[in-house]
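# Descriptive structure summary
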Amino acid sequence: MGRILAIDYGKKRTGIAVTDPMQIIASGLCTVATRELQAWLKEYLKKEEVSTIVVGEPKQMDYTDSELGAVISNFAQGLRTAYPDILIERVDERFTSKMAFQTMIDSGLKKKQRRNKALVDEIAATIILQSYMERRH
């Protein structure tokens, strides 16, 4: 059984979260500059067995695509082509950044730490991953 990797794709940065090999625990992994994401994924997938990649699907409140929707759809399709043996799934990511910020507040992080957008992206990816895992069970 391979890990599940979640991606919170952004214009500048992409948050990444991953499960343990048994797919029980979701954890934030890192944040990668989006322009370096393809190379990072290639290296990571060489080292780790990943059975599923979950890509956040940004939607507006009325369920239409956000401004990045088409870019992220193309990215997800590119993953399907590049990694045909890995299941590529999409998950609604509305509110994940807000939830990530609230998580930072709730965990007692100071204001300066909460300004760390990379940490927000990583937490958002973790929320995407948790939501996918909950939906599966």
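For clarity, every value in this text was computed on a predicted model and none was experimentally measured.

## Some remarks on the overall build of the protein
- What the protein contains, in helices and strands, is 5 helices and 5 strands.
- Counting helices and strands in the order they occur from the N terminus, the protein gives β-β-β-α-β-α-β-α-α-α.
- By the burial criterion, 45% of the 137 residues in the protein qualify as buried.
- A sequence separation of at least 24 residues applies to 61% of the contacts in the protein between residues at least 6 apart.

## Side note on the pairing of strand 2 (residues 13-19)
- Counting buried positions along strand 2 gives 6 out of 7 residues, so the element sits mostly inside the fold.
- Note: strand 1 (residues 3-8) against strand 2, 4 bridges, orientation antiparallel. Within strand 2, the residue paired with isoleucine 7 across the bridge is isoleucine 16.
- Between strand 1 and strand 2, which pair antiparallel one after the other, the connecting turn spans 4 residues.
- Pairing analysis gives 7 bridges linking strand 2 to strand 3 (residues 26-33), with the strands arranged antiparallel. Looking at strand 3, one finds that threonine 19 is bridged to alanine 26.
- The hairpin formed by strand 2 and strand 3 contains 6 residues between the paired strands, and glutamine 23 there has a positive phi angle of roughly 60°.

## Things to note about the environment of methionine 1
- Its location among the elements puts methionine 1 in the segment before strand 1.
- A sequence separation of 21 residues divides methionine 1 from methionine 22, and the C-alpha atoms of the two residues are 6.5 Å apart.
- Setting aside residues up to four positions removed in sequence, methionine 1 forms contacts with Pro21, Met22, Gln23 and Glu49.

## What to know about the nonpolar core
- Membership of the largest hydrophobic core comes to 22 residues, with the highest contact counts inside it found for Leu5, Ile7, Leu41, Ile53, Phe75 and Leu79.
- Elements with a contribution of two residues or more to this core: strand 1, strand 2, strand 3, helix 1 (37-47), strand 4 (50-57) and helix 2 (69-82).
- Excluding anything up to four places from it in sequence, leucine 41 contacts Leu5, Ile7, Phe75, Leu79 and Tyr83.
- The next biggest cluster of nonpolar side chains, apart from the first, holds 11 residues, and it includes Ala17, Ala26, Val54 and Leu129.

## Brief notes about a nonpolar patch on the surface
- There is a patch of nonpolar side chains on the surface, built from Met22, Ile24 and Ile25 and spanning about 340 Å² of accessible area.
- Locating methionine 22 in the fold gives a position in the loop between strand 2 and strand 3.
- Residue methionine 22 is classed as exposed on the basis of its relative accessible area, which comes to 54%.

## Some points on the packing of aromatic side chains
- With the rule as written, the count across this model stands at 2 aromatic pairs.
- A centroid spacing of 5.0 Å and a plane angle of 10° characterise the contact between tryptophan 40 and tyrosine 44, whose relative ring orientation is stacked. Residue tryptophan 40 and its partner tyrosine 44 are both found in helix 1; the two are separated by 4 residues, about one turn of the helix.

## Side note on the environment of valine 120
- With respect to the element layout, valine 120 can be found in helix 5 (residues 117-136).
- Each C-alpha atom of the pair valine 120 and glycine 15 lies 8.0 Å from the other, and the pair is 105 residues apart in sequence.

## Some details on the sheet that holds strand 4
- Read from one edge to the other, the open sheet built from 5 strands follows the order 3-2-1-4-5, with strand pairing classed as mixed. Two strands in the sheet have a free side with no partner beyond their single neighbour: strand 3 and strand 5 (87-92). Pairwise comparison of adjacent strand axes, ignoring direction, gives a mean angle of 25° for this sheet.
- Note that strand 1 and strand 4 share 5 bridges and pair parallel.

So, how was this worked out
Residues numbered from 1 in each chain as written. Predicted model: local features only at pLDDT ≥ 70, side-chain atom pairs only at ≥ 80, totals over all residues. Heavy atoms only, no water. Helix = DSSP H or I, 4+ residues; strand = E, 2+ residues; numbered from the N terminus. Buried < 20%, exposed > 50% of the residue type's maximum accessible area, 1.4 Å probe, protein only. Contact = heavy atoms within 4.5 Å. Pairing = 2+ DSSP bridges. Core = buried A, V, L, I, M, F, W, Y, C linked by side-chain atoms within 4.5 Å. Patch = residues over 30% accessible without salt bridge, like charges linked within 9 Å, V, L, I, M, F, W, Y side chains within 5 Å. Areas by Shrake-Rupley, 256 points an atom, 1.4 Å probe, with all protein chains shown as cover. Salt bridge = Lys/Arg side-chain N within 4 Å of Asp/Glu carboxyl O. Phe/Tyr/Trp six-rings, centres within 6.5 Å; stacked < 30°, edge-to-face > 60°. Axes fitted to C-alpha atoms, helices over the stretch in contact; angles between N-to-C directions.

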